[in-house]
Amino acid sequence: MSNESHESVIGSDVEIIGTIKSSGTVRLDGKLEGELQCGGNAILGKSAQVKGNITATSVSIEGKINGNILAKDKIEMKATATVNGDIKARRLSVEDGVTFVGRSEVNPNSQPVPAPQPGVPQR
Amino acid sequence: MAEKRTKVMDGFAVVRGLAQAKHDGTLPLPGSRKPAEDLSSHPPPAALPKDSPHIVKTIEPTKRTIRCFKCGYEFKLAGTTKAIYCAKCREKIDMGDYVIDRPWSEEIKTGGSVIIRPTGRLENVRIWAGNVILDGGMDENSSIECTQWLELGAQAKPHPRQLAMRNLRVAAGASMAFKYKLQVNHLELLGTLEADVEATGLVSIRDGGHLKGTVRGAHLQVEEGGGLSARVFIWPQGNPPAEDS
């Protein structure tokens with residue numbers, strides 16, 4: 001991972017057990033067993049598998065996640081996404097083909113979601 | 001559009017044509033062949049304009065699904081017609097469209113569409129139709145049964161028990177609450193719906209739409225700007241998992 005680049009990339013052959021914290025954007029194509037906390041955007045590729053919560057400004061999902069998602073702005077679920085957990089955001093976009101089991105709290109007319117708090121409990 | 005001229009060829013015309021050619025001296029000798037014309041120096045043909053009569057455009061007519069009110073048999077119908085007979089039981093099915101803009105108490109049974117405007121009101125009447133747009137009032141003794149789409153407008157305030165439909169659309173500005181389980185094929189939201197939804201087709205939440213409650217189905221589509229405050233069980237592969245207590 002580069003300290004100077006705005007996007008950190010975790011390749012599809014990488015498996016991480018633990019917490020990832022970044023102030024920028026993180027693109028995850030590998031496996032993560034733990035939390036992902038981004039100050040920027042979180043992008044989960046098609047081969048991404050996450051067991052844990054994600055907290056970011058915006059989250060784009062093409063892979064699998066077992067955990068909760070808290071986004072300050074937007075959650076975007078692509079057609080290949082599988083989400084098993086609760087989501088909370090200000091905006092939401094879901095493509096046909098998504099597998100989604102959980103609770104959703106998305107109201108575009110409401111106040112912005114407050115800044116993510118550390119230590120969000122798992123479902 | 002220029003008319004297309006069709007030249008009819010029959011035996012008499014062929015014999016007459018050959019006799020004329022022989023008289024004019026243009027009839028080729030048996031066995032002689034004209035050399036192939038060199039077309040390389042010819043300019044390429046100009047593209048035909050889009051509205052040229054030489055281009056055949058195939059436009060498939062709109063197909064509607066019709067359900068017989070007597071035997072329940074469903075079949076597809078292309079084009080428009082005022083009446084049709086069920087292919088199974090030969091029951092006559094009216095296919096006319098109706099617009100209600102005043103108090104109405106006459107029963108309607110049609111495979112077409114019924115539009116109830118904000119000035120319209122159903123009074124002690126039962127409506128069977130293919131598609132219904134409800135934007136007016138209805139008393140507690142009236143009911144609507146749609147074989148296809150039911151659209152609820154902003155002025156409609158029906159009791160859910162009075163409605164039976166295959167597909168449901170909640171128009172922009174409308175707000176509906178169903179205390180009972182809502183079972184539909186397709187659901188399209190441009191307004192607000194609070195219900196326990198079970199859909200066999202596509203649940204589509206458009207910009208400005210908002211779904212509250214619970215939604216179960218195989219297909220979900222949310223446009224940016226759509227709201228979803230619900231428990232979600234979307235499982236394209238088949239039966240969704242049992243919900244947690």
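All of these numbers come straight from a predicted model, not from anything done at the bench. Within every chain, residues take consecutive numbers counted from 1 along the sequence as written. The lettering of chains begins at A and the numbering of ligands begins at 1, in the order of writing. pLDDT decides what is reported in this predicted model: residues at 70 or higher carry local features, side-chain atom pairs at 80 or more are listed and counted, and totals for whole chains, interfaces and linings draw on all residues regardless.

## Notes on the sheet that holds strand β12 (residues 137–138) of chain B
All names here are of chain B.
- The three strands are arranged β6-β9-β12 in an open sheet whose pairing can be described as parallel. At either end of the open sheet lies a strand with only one pairing partner, and these are β6 (103–104) and β12.
- Paired strands are those between which DSSP finds at least two bridges. What counts as a helix is a DSSP run of H or I of at least four residues, what counts as a strand is a run of E of at least two, and both are numbered from the N terminus. As paired elements, β6 and strand β9 (residues 121–122) share two bridges and run parallel to each other. Within β9, the position partnered with W104 by the bridge is L122.

## Brief notes about the interface of chain B and chain A
- Each residue is represented by a C-beta atom placed from its backbone, and any two residues with such atoms within 7 Å are regarded as in contact. Across the boundary between the two partners, chain B contributes 21 residues, which contact 18 residues of chain A.
- At the level of secondary structure, the elements contributing two or more residues to the side of chain B that touches chain A comprise β22 (219–222) and β23 (227–234) of chain B.
- Per element, the largest residue contribution to the side of chain B that touches chain A is eight residues, and it comes from β23 of chain B.
- As defined by bridge partners, strand β15 (residues 99–106) of chain A adjoins β23 of chain B across seven bridges and the pair is classed as antiparallel. Across the sheet, residue V106 of chain A finds its bridge partner in β23 of chain B, namely L228 of chain B.

## Digging into the environment of T80 of chain A
- Summarising the element assignment, T80 of chain A is placed in the loop between β11 (69–77) and β12 (82–84).
- Those residues in contact with T80 of chain A that sit more than four places away from it in its chain are K46, E62 and G97 of chain A.

## Here we look at the sheet that holds strand β7 (residues 108–109) of chain B
All names here are of chain B.
- Pairing within the open sheet is parallel, and its four strands lie in the order β7-β10-β13-β15. This sheet does not close on itself; its edge strands, each paired only once, are β7 and β15 (163–164).
- Alignment of strand β13 (residues 143–146) against β15, held across two bridges, turns out to be parallel. When the bridges of β15 are listed, E145 appears paired with A164.

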